[in-house]
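Here is what each chain is made of, one letter per residue.
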Amino acid sequence: MTIRKGLLLSLLSIAPAGASPVGLVSSPDGNRLFIAMENPPSVEVVEAIAGAIAAKWPLPAAPRSLAITPDGSRLFLPAGIAPGAVLTISSADGAVLDSLPAGHSPCAATVSSDGGTVFICNQFGNRVEIFNPAENRLVGNSPAIREPVASVLRPDGKALFVANLLPSGAANTGDVAAEISVIDTTSGQAAPVRLPNGSTDARALTVSAGGRFVYVVHTFARYALPTTQLDRGWMNTSAVSVIDAVQPRVIATVLLDDIDLGAAN
C-alpha cells in the first residue's frame, strides 16, 4: 500500500468522532483510499492527493475489515456478527454486488494475487472459509485453532498464515501458547506453528516482500510469575515473532515494550 506524505494527518483531521474505522486499503494506483467504518456501517473514499472524503457508501451491516482485488475493481468486506456475511462492492460507486453467508463474526479478508480466491477468517467457527468471487460461492474451508482473526498469503500463493487470537488447550498446564495455522492452499490442510510459551493475543501478521519471513505481533506473558516478584520485572509485553515462511517455525521473538512497566497490550 502506498500512502502519500501527510495523508495520515489529513485523515485524522477529517475523521468524525465515533467513526470507528476498522480497515483501510489503497487503490492499485495509490490515488484513493477505502476505509471501512463500523459506525455507521459504511465505506469512506478518500482522495489521496486532496486528503478529502470523496464519497461515503452505506453498508447493510458493520464491517470488520476490507480487502481489494488486484485490479482495484471490487472490495470484499466481512461484515455482521451472527449471521455474518462477505459483502462484495464495486470500488467505482459502492454498489453491493454480492452477499454471501459467512458464519459467526467473519473477519480478515485476504485476496489471492489473481483475485480468484478470497479467504475469510471465521472467528468463532474456528475455520477459514474460501470463496470464489467470480462464481459467488463458498468453495471450501480449512480448520484454524482458536479464534482466527488475521491472515496473510505467502507471495507464491501456496501458503496462508493465520493468526489465532487465543491459545488452545487447558490454561493450567506448563505450556500455554497461541499458534499460527499454516494452510496449504492447494490441499486445504493446516499445520500449526506454536509461538513461545506464554504467547497469546496474536492479532496481526505480515509477510516480507520476498516471502521468506512472516512477522506476527502478539502478547508475550510470564503467566506463572509469583506475585512476590511483580516488582522485579514484566508480567507481559508486546512482542513480534519471526516465522520461517518456507519451513514454518519460529526463529526469533523480539520484545517491543519497556520490560519494567509491568503490563502492555
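This text follows the structure it describes.
It should be emphasised that the depicted structure is a prediction, and the values quoted were computed from it without experimental measurement.

K.L.:
Would you mind going over the overall build of the protein with me for this structure?
P.N.:
Looking only at helices and strands, the protein has one helix and 20 strands in total. The buried share of the protein, reckoned over its 265 residues, is 48%. A separation threshold of at least 6 residues defines the contact pool for the protein, and within that pool the share at least 24 residues apart is 38%.

K.L.:
So what exactly am I meant to see when it comes to the environment of Ala109 here?
P.N.:
Note on placement: Ala109 falls in strand 9 (residues 106–111). Judged by its relative accessible area of 13%, Ala109 falls in the buried class. Taking the C-alpha atoms as reference points, Ala109 and Ser65, 44 residues apart in sequence, are found 6.6 Å from one another. Every residue in contact with Ala109, bar those within four places of it in the chain, is listed here: Ser65, Ala67, Phe76, Pro78, Phe119 and Ile120.

K.L.:
How do you make sense of the sheet that holds strand 7 (residues 84–90) when you look at a structure like this?
P.N.:
Judged by pairing direction, the sheet is antiparallel, and its four strands sit side by side in the order 5-6-7-8 without closing on themselves. If you trace the sheet from one side to the other, it starts and ends with strand 5 (67–68) and strand 8 (96–101), each paired once. Of the pairings in the sheet, the one linking strand 6 (residues 74–80) to strand 7 comprises seven bridges and is antiparallel in character. Within strand 7, the residue paired with Arg74 across the bridge is Ser90.

K.L.:
How should I be thinking about a nonpolar patch on the surface in this particular structure?
P.N.:
Together, Val217, Val254 and Leu256 give the surface a local cluster of nonpolar side chains, amounting to about 230 Å² of exposed area. If you trace the backbone, Val254 turns up in strand 20 (residues 249–255).

Criteria and thresholds
Residues numbered from 1 in each chain as written. Predicted model: local features only at pLDDT ≥ 70, side-chain atom pairs only at ≥ 80, totals over all residues. Heavy atoms only, no water. Helix = DSSP H or I, 4+ residues; strand = E, 2+ residues; numbered from the N terminus. Buried < 20%, exposed > 50% of the residue type's maximum accessible area, 1.4 Å probe, protein only. Contact = heavy atoms within 4.5 Å. Pairing = 2+ DSSP bridges. Patch = residues over 30% accessible without salt bridge, like charges linked within 9 Å, V, L, I, M, F, W, Y side chains within 5 Å. Areas by Shrake-Rupley, 256 points an atom, 1.4 Å probe, with all protein chains shown as cover. Salt bridge = Lys/Arg side-chain N within 4 Å of Asp/Glu carboxyl O.

Nothing here speaks to function; it is all geometry.
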